[in-house]
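Residue-level structure breakdown
Spelled out from the first residue to the last, the chains are:
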Amino acid sequence: VSNGQLLSALLIFSLILGVIQLFISILITNGLNNDNLNFIQLSLISINAISIMLFCSLMGLFFAIYVRDDLFAILICFLIFIMLVFSFGILIPIGESNNKFLMLIKNIPIYQSISNMQLVYAGKNIAILPLMLTNIINFIIFIIILALSYKKFRK
């Protein structure tokens, strides 16, 4: 089994688990809000969420290459994860802020993909460019991870 096949299998497995969680969360959200989303809205939400899940899975694979068995490496990965979550605007409302750093975050394609999902729930039009940029970034990150894994596993 090659490194590419192993990394692809890990990525596909994490995406399958993420899609299962996505559909369960959509069912719970629709049940709590008494909201009926049509097929187009559900597919737009799913496409945006899958590209974000792919990014997070790729970041997990990237960190997994460098995590050793010591606690310090795991702590560093956890801190980087927390910084990513805050920078996505998931835990803090970026839309109402005038901070220059937060204004910079608004231009990141992943944040815009999250905003797209919120726009779909609001019944507004979304932008396709952030979704395409996120997937291009995902492809580039996968190529980098593949190159790093070949270098790391050759040792």
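In case you missed it, the structure is sitting above this.
Counting of residues starts from 1 at the beginning of each chain's written sequence and follows it residue by residue. Selection of residues for local features in this predicted model requires a pLDDT of at least 70, selection of side-chain atom pairs for listing and counting requires 80 or more, and totals for whole chains, interfaces and linings are taken over all residues. Hydrogen atoms and water are omitted, and side-chain values are computed over all heavy atoms in the structure.

Before going further, it helps to spend a moment on the packing of helix H5 (residues 109–122) against helix H6 (residues 129–154). To obtain an axis, a line is fitted to C-alpha atoms, over the contacting stretch when the element is a helix, and the angle between two such axes runs from 0 to 180 degrees between their N-to-C directions. A run of H or I in DSSP counts as a helix once it spans at least four residues, and a run of E counts as a strand once it spans at least two, with each numbered from the N terminus. Taken N-terminus to C-terminus, the directions of H5 and H6 make an angle of 135°; their axes are 8 Å apart at the nearest point. Here H6 runs oblique to H5, going by the angle between their axes. In this structure, H5 meets H6 at a crossing whose hand is left-handed. Every residue of H6 that contacts H5 at Pro109, Ile110, Gln112, Ser113 and Asn116 is listed here: Pro130, Leu131, Leu133, Thr134 and Ile137. A class-by-class count of the residues in the contact of H5 with H6 yields six nonpolar, four polar and no charged. Note that the term roughly parallel is reserved for angles under 35 degrees, roughly antiparallel for angles over 145, roughly perpendicular for angles of 65 to 115, and oblique for everything else. For any pair of crossing helices, the crossing counts as left-handed if the nearer helix is rotated counterclockwise from the farther one by less than a right angle, and right-handed if it is rotated clockwise. Contacts: residue pairs with any heavy atoms within 4.5 Å of one another. When residue character is reported, Ala, Val, Leu, Ile, Met, Phe, Trp, Tyr, Cys and Pro are called nonpolar, Asp, Glu, Lys and Arg charged, and the others, Gly included, polar.

Let us look at helix H1 (residues 3–33). Given the number of residues in a helix, its expected span is that number minus one, multiplied by 1.5 Å. Over its 31 residues, H1 extends 44 Å from the first C-alpha to the last, a length consistent with the 45 Å expected when each residue adds 1.5 Å. Working definition: with a 1.4 Å probe on protein chains only, accessible area under 20% of the residue-type maximum means buried, over 50% means exposed, and in between means partly exposed. Every buried residue belonging to H1 is among Asn3, Gly4, Leu7, Leu11, Leu15, Gly18, Leu22, Ile26 and Asn30, and all of these are buried. Contacts made by the buried residues of H1 are with helix H2 (39–66), H5 and H6. Backbone geometry just downstream of H1 places Asn34 in the positive-phi region, at approximately 50°.

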